[in-house]
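One-letter residues, chain by chain:
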Amino acid sequence: MATIKIQQVKSKIGAPIDQKRTLQALGLRKISQIVECEDTPSIRGMIRKVHHLVKVVD
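None of the values given here were measured: they were computed from a predicted structure. Every chain is numbered on its own, with residues counted from 1 as its sequence reads. Thresholds applied to this predicted model are a pLDDT of at least 70 for local features of residues and 80 or more for the giving and counting of side-chain atom pairs; totals over whole chains, interfaces and linings are not thresholded and use all residues. By convention in this description, side-chain values take in all heavy atoms of the structure and omit both hydrogens and water.

Caption draft 1: Region of interest: helix H1 (residues 17-26). Note on classification: 1.4 Å probe, protein chains only; a residue is buried when its accessible area is under 20% of the maximum for its type, exposed when over 50%, partly exposed between these limits. Under the DSSP-based scheme used, a helix requires at least four consecutive residues in state H or I and a strand at least two consecutive residues in state E, with every element numbered from the N terminus. What H1 keeps buried is the set Gln19, Thr22, Leu23 and Leu26. Projected onto a plane normal to the axis of H1, the buried residues spread over an arc of 100 degrees and lie on a single side. Turned more than 90 degrees away from the buried face of H1 sit Ile17, Arg21, Gln24 and Ala25, all of them exposed. In this analysis, two residues are considered to be in contact whenever any of their non-hydrogen atoms come within 4.5 Å of each other. In the core, the buried residues of H1 are packed alongside strand S1 (3-8), strand S2 (34-38), helix H2 (41-49) and strand S3 (54-57). Immediately downstream of H1, the backbone of Gly27 shows phi near 95 degrees, a positive value. Arc definition: directions from the helix axis to the C-beta atoms.

Caption draft 2: Fine view of the packing of H1 against H2. Simply put, an axis is a line fit to the C-alpha atoms, just over the touching stretch for a helix, and the angle between two N-to-C directions goes from 0 to 180 degrees. Running from N to C, H1 and H2 point in directions that differ by 135 degrees, and their axes come no closer than 10 Å. Classified by the angle their axes make, H1 and H2 are oblique. The hand of the H1/H2 crossing is left-handed. Judged by residue contacts, Asp18, Gln19, Thr22, Ala25 and Leu26 of H1 engage Ile43, Met46 and Lys49 from H2. Under the scheme applied here, ten amino acids are nonpolar (Ala, Val, Leu, Ile, Met, Phe, Trp, Tyr, Cys and Pro), four are charged (Asp, Glu, Lys and Arg), and all others, including Gly, are polar. Residue composition of the contact of H1 with H2, grouped by class: four nonpolar, two polar and two charged. Orientation is classified from the angle alone, with under 35 degrees giving roughly parallel, over 145 giving roughly antiparallel, 65 to 115 giving roughly perpendicular, and any other angle giving oblique. Take the far helix as your reference; a near helix turned counterclockwise from it by less than a right angle gives a left-handed crossing, and one turned clockwise gives a right-handed crossing.

Caption draft 3: Molecular detail of the pattern of salt bridges. Between Lys or Arg on one side and Asp or Glu on the other, a salt bridge is scored when a side-chain nitrogen of the former is within 4 Å of a carboxyl oxygen of the latter. As enumerated under the stated definition, the model contains two salt bridges in all. Between Lys49 and Asp18 there is a salt bridge; the shortest N-O distance is 3.1 Å. Placement of the pair is Lys49 in helix H2 and Asp18 in helix H1, with a sequence separation of 31 residues. The exposure class of Lys49 is partly exposed, given its relative accessible area of 38%. Note that Arg44 and Asp39 form a salt bridge whose closest N and O atoms lie 2.8 Å from each other.

Caption draft 4: Main features of the environment of Lys49. Considered as a pair, Lys49 and Leu23 are 26 residues apart in the sequence and their alpha carbons are 9.5 Å apart. N or O atoms closer than or at 3.5 Å make up a polar contact, with two conditions inside protein: a donor-capable atom paired with an acceptor-capable one, and, for residues adjacent in sequence, both atoms drawn from side chains. Side chain to side chain, Lys49 and Asp18 meet in a polar contact 3.1 Å long.

Put into structure tokens, the structure is as follows:
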């Protein structure tokens, strides 16, 4: 299956707890950290939830 790279670009400080947990579920802990995940609808939904904190890297 295809993979997708996600980079955290903003801090989670001040974000609601559900968004902090979503970042944790994606495997993101630090700003500028990049993780590679499978491109599934559930991962896409998590990215959509925290779209203002992350970006998808090519």
